[in-house]
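Here's the letter readout for the chains.
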Amino acid sequence: MTRKRVGVLISGRGSNLQALLDAAQAPDCPFEIVLVLSNKAKVQGLERAAAAGVATAVIDHRTFPDRETFEMAMTEALEAAGAELVCQAGFMRVVTSWFVTRWHDRLLNIHPSLLPAFPGLDTHERALAAGVKLHGCSVHLVRETVDQGPILGQAAVPVLPGDDAETLAARVLEAEHRLYPACLALYAAGRIDVRGETARLKTAPAPGGLLINPPSPAADA
Ligand code: GAR
């Protein structure tokens, strides 16, 4: 089996990166992480990559005159590492149409909401303010519009009475750590068809697979 070569873009903690690194340890995993690229130095995600023996690079966006030259430098590093797919994992820079086109259908993102609800920042605060009863996360292909693009998979979690942004974020993050490796594995294995703006699984997912539903919260939860 040839494993798809994946570059991961991060800006910080890197807990989603860790989930991808852990998944890549399995002998039958259809992807391998070949480069972790951060726009910030000294972040925890870089330590996680180094501990897993994965190459790292820091490309500081502030040292470039504009977004495109920053993205050209990232692209050069990704190509030098032989990356075929690129995963944004807590990468907190908006990318330009140049980068999106350059990596068309090869650039994935994880977003902490059930898209198309709550694109942008502060998703947990906004979900609580809207009073939704289900919240969650989405893995999607990146398009020009921020947090929009073919959805590869979603995981839902309940919003519980008494939740604040922190408890809700923690519940969503746990789901992110299951969802991202699962989506990347299916995509890397060629098991998802992308037609225009819609992504569809070619075959039914394994039980416990991509559609992650929360159990009903207990009545007194
Ligand atoms: C995750 O919750 C991810 O979904 C979110 O940032 C967090 C990064 O955590 N991404 C975005 O908000 C992108 N707009 P991590 O660094 O521990 O993976």
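Scroll up a little and you will see the structure.
Undergrad: What is the right way to look at the packing of helix α1 (residues 15-24) against helix α6 (residues 165-188) in this model?
TA: For any two helices packed against each other, the geometry is given by the interaxial angle and the distance between the axes. Running from N to C, α1 and α6 point in directions that differ by 45°, and their axes come no closer than 9 Å. By the angle class used here, α1 and α6 are oblique. Helix-helix and strand crossings are classified by hand; for α1 and α6 the assignment is right-handed. Seen from α1, the contacting residues are S15, N16, A19, L20 and A23; seen from α6, they are L173, E176, H177, Y180, P181 and L184. Here the contact of α1 with α6 is built from residues that sort into seven nonpolar, three polar and one charged.

Undergrad: Before we go on, may I ask you to explain the nonpolar core in this structure?
TA: Soluble globular proteins tend to bury their nonpolar side chains together. Within the largest apolar cluster, 41 residues are counted, with the highest numbers of intra-cluster contacts made by V8, F31, I33, L108 and L152. Among the elements that make up this core, the one with the highest residue count is α6 (10 residues). Setting aside residues no more than four positions away along its own chain, L108 makes contact with V86, C87, Q88, V139, H140, L141, V142, L152, Y180, L184 and Y187. With 20 residues, the next largest nonpolar core counts I59, A83, V95 and V100 among its residues.

Undergrad: Sorry if this is basic, but what is going on with the state of the cysteines here?
TA: Each disulfide consists of one covalent bond between the sulfur atoms belonging to two cysteines. Enumeration according to the criterion identifies zero disulfides in this entry. Unpaired in this structure, C137 has its nearest cysteine sulfur neighbour in C183, at a distance of 8.5 Å.

Undergrad: How do you make sense of the packing of aromatic side chains when you look at a structure like this?
TA: Here the distance between the centres and the angle between the planes together describe a pair of aromatic rings. One pass over the structure, following the stated rule, counts two aromatic pairs. Plain terms: the ring middles of F64 and F70 are 5.9 Å apart, the flat faces sit at 55° to each other, and that makes the pair tilted. According to the relative accessible area criterion, F70 is buried, its value standing at 4%. Residues F99 and W103 carry aromatic rings whose centres are separated by 6.5 Å and whose planes lie at 50° to one another, so their mutual orientation is tilted. The ring of W103 has R102 lying over it, and the distance from NZ or CZ to the ring centre is 5.2 Å.

Undergrad: Where do I start with the layout of surface pockets in this structure?
TA: Unfilled space is identified by rolling a water-sized probe across the atoms. In this model, the largest pocket occupies a volume close to 910 Å³. Contributing to the lining of the largest pocket are 37 residues, with G90, M92, I110, P112 and L121 lying nearest its centre. Of all the secondary structure elements, the ones that give two or more residues to the lining of the largest pocket are α1, β5 (107-111), α5 (123-130) and α6. No other element matches α6, which puts four residues into the lining of the largest pocket.

Undergrad: Explanation requested: α5 in the structure shown.
TA: In an α-helix, one turn spans 3.6 residues; hence positions three or four apart end up facing the same way. Along α5, the residues that are buried comprise T123, H124 and A127. Projection of α5 onto a plane perpendicular to its axis shows the buried side chains occupying an angular sector of 95°, all on one side. Contact partners of the buried residues in α5: β5, β6 (134-141) and α6. Backbone geometry just downstream of α5 places G131 in the positive-phi region, at approximately 75°.

Reading the values: the criteria
- Residues numbered from 1 in each chain as written.
- Predicted model: local features only at pLDDT ≥ 70, side-chain atom pairs only at ≥ 80, totals over all residues.
- Heavy atoms only, no water.
- Axes fitted to C-alpha atoms, helices over the stretch in contact; angles between N-to-C directions.
- Helix = DSSP H or I, 4+ residues; strand = E, 2+ residues; numbered from the N terminus.
- Parallel < 35°, antiparallel > 145°, perpendicular 65-115°, else oblique.
- Left-handed = near helix turned anticlockwise from the far one by under 90°.
- Contact = heavy atoms within 4.5 Å.
- Nonpolar A, V, L, I, M, F, W, Y, C, P; charged D, E, K, R; others polar.
- Core = buried A, V, L, I, M, F, W, Y, C linked by side-chain atoms within 4.5 Å.
- Buried < 20%, exposed > 50% of the residue type's maximum accessible area, 1.4 Å probe, protein only.
- Disulfide = S-S within 2.5 Å.
- Phe/Tyr/Trp six-rings, centres within 6.5 Å; stacked < 30°, edge-to-face > 60°.
- Lys NZ or Arg CZ within 6 Å of the ring centre and 35° of its normal.
- 1 Å grid on protein atoms, 1.4 Å probe; cavity = no way out; pocket = protein on both sides within 12 Å on 5 of 7 lines; lining within 4 Å.
- Points joined across faces, edges and corners; volume = space filled by probe spheres on them.
- Arc of directions from axis to C-beta.

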